[in-house]
Amino acid sequence: MEAGWEWDETLFSGTAAFYRRGRLPYAPGLADLLAGVLDLDGRGRLLDLGCGPGTVALRLAGFFDEVVAVDPDPGMLAEAARGAAELEVAHKLRWVRARAEELPAGLGDFTVATLAQSFHWMDRERVAATVRGMLRPGGALVHISDLKGETRAVDGLPYPPVPRAAIDGLVRSCLGPVRRAGRGLLPRGTPSGEDTVLAGAGFAGPYRHVVPGGQALVRTWDDVVAEVFSMSFSAPHLFGDRRAGFEADLRRLLRDASPSGRFSERQPGTEVFVWLRGAA
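Residues numbered from 1 in each chain as written. Predicted model: local features only at pLDDT ≥ 70, side-chain atom pairs only at ≥ 80, totals over all residues. Heavy atoms only, no water.

K.L.:
What should I look at first to understand the sheet that holds strand S5 (residues 135–146) in this one?
P.N.:
Across a sheet, paired strands are connected by hydrogen bonds in the backbone, their directions being either parallel or antiparallel. Here seven strands make up an open sheet; going across it, the order is S3-S2-S1-S4-S5-S11-S8 and the pairing mixed. Edge positions in the sheet fall to strand S3 (93–97) and strand S8 (204–211), since each of these pairs with one other strand and no more. Strand-to-strand twist in this sheet, taken as the mean axis angle between neighbours without regard to direction, amounts to 20°. Pairing analysis gives four bridges linking strand S1 (residues 45–49) to strand S4 (residues 110–116), with the strands arranged parallel. Across the sheet, residue Leu49 finds its bridge partner in S4, namely Leu115. With respect to the sheet, helix H4 (residues 74–87) is in contact with strand S2 (66–71) and S3, its orientation differing from that of S3 by roughly 170°. Lying on the sheet, helix H5 (residues 124–134) is in contact with S1, S4 and S5; it crosses S5 at an angle near 135°. (Pairing = 2+ DSSP bridges. Helix = DSSP H or I, 4+ residues; strand = E, 2+ residues; numbered from the N terminus. Axes fitted to C-alpha atoms, helices over the stretch in contact; angles between N-to-C directions. Contact = heavy atoms within 4.5 Å.)

In structure tokens form, the structure reads like this:
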């Protein structure tokens, strides 16, 4: 992470209630792809790091004996537990409030570990080495993210696109031009270079897979508001006493962009990188 920035507990404070509704889901077929690639058969244990509201853990619960999902934000874990109860998979899941840097924390060993758009918030070298040590021989670490660089035009769909450039401008006008992240700032954003980090920790790979997206989605004003408030750089607490005014301006922008209250969107593709621990 950028020099001078330190993680703090406010990074995603207050976002959990918006996360499950606001974030676009991973592409359909992600769980089936992982089941096939990793030969999942309902046995073994999954470690999901930075689990958020259970986005990956809930989808994969049926492929393991046990899923241990770790996140430092209590709101995220509470939201994830509600999702597990709704899906009737709570007996498969264990929720652990901790940072990945605090592992192994007596959690045991695992068949598979997952990092879904969370690795960039961590001390990556430390976490990669720790997770490799927690995987059983032959185990795998799976890095999951939205497919980068794809275009998702909504030509031919019934509603206008989400006006994301205008929304970004509105956020900057309220919070300033430099990206916010917890109590700190990230003028150059979050780091990349995961391949170098994971190879340096002794993992073999990566083996890349893509789950195609492109499916037509319909988003409402409320969905888009939830998406904005689910982001670390526009988390509700960052606005302080200006939050109500910001939300009013945001909803006005959305009404102007689509008086019907609906936007067209295309499902992002999902990119999966599988790294193998090896037998040694």
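K.L.:
Please explain the nonpolar core as it appears in this structure.
P.N.:
As a rule of thumb, nonpolar side chains are buried together in soluble globular proteins. Core analysis: the biggest nonpolar cluster contains 30 residues, and Leu34, Leu38, Leu93, Val142 and Ile144 have the highest contact counts within it. Secondary-structure elements contributing two or more residues to this core are helix H2 (30–37), helix H3 (57–60), S2, H4, S4, S5 and strand S11 (270–276). Broken down by element, the residue count for this core peaks at four residues, all from H2. Not counting residues up to four positions away in its chain, the partners in contact with Ile144 are Tyr26, Leu30, Leu34, Val56, Thr114, Leu115, Ala116, Gln117, Thr270 and Glu271. Residues Val68, Ala100, Leu107 and Ala128 belong to the second largest nonpolar core, which totals 25 residues. (Core = buried A, V, L, I, M, F, W, Y, C linked by side-chain atoms within 4.5 Å. Buried < 20%, exposed > 50% of the residue type's maximum accessible area, 1.4 Å probe, protein only.)

K.L.:
For this particular structure, what's the right way to read unusual backbone geometry?
P.N.:
Excluding glycine, residues mostly carry a negative phi; peptide bonds, for their part, are mostly trans. Omega for the bond connecting Leu103 with Pro104 falls within 30 degrees of zero, at 15°, which places this linkage in the cis form. Note on placement: Pro104 falls in the loop between S3 and S4. A cis amide bond links Gly205 with the next residue in sequence, Pro206, at an omega value of 5°. Locating Pro206 in the fold gives a position in strand S8. At Asp39, a position not held by glycine, the phi torsion is positive, near 55°. For Asp39, a relative accessible area of 62% translates into the label exposed. Here the phi dihedral of Ala105 falls at roughly 55°; this positive angle occurs in a residue that is not glycine. For Ala105, the location among the structural elements is in the loop between S3 and S4. Taking the relative accessible area as the measure of exposure, Ala105 reaches 52% and is therefore exposed.

That is the geometry; function is a separate question.
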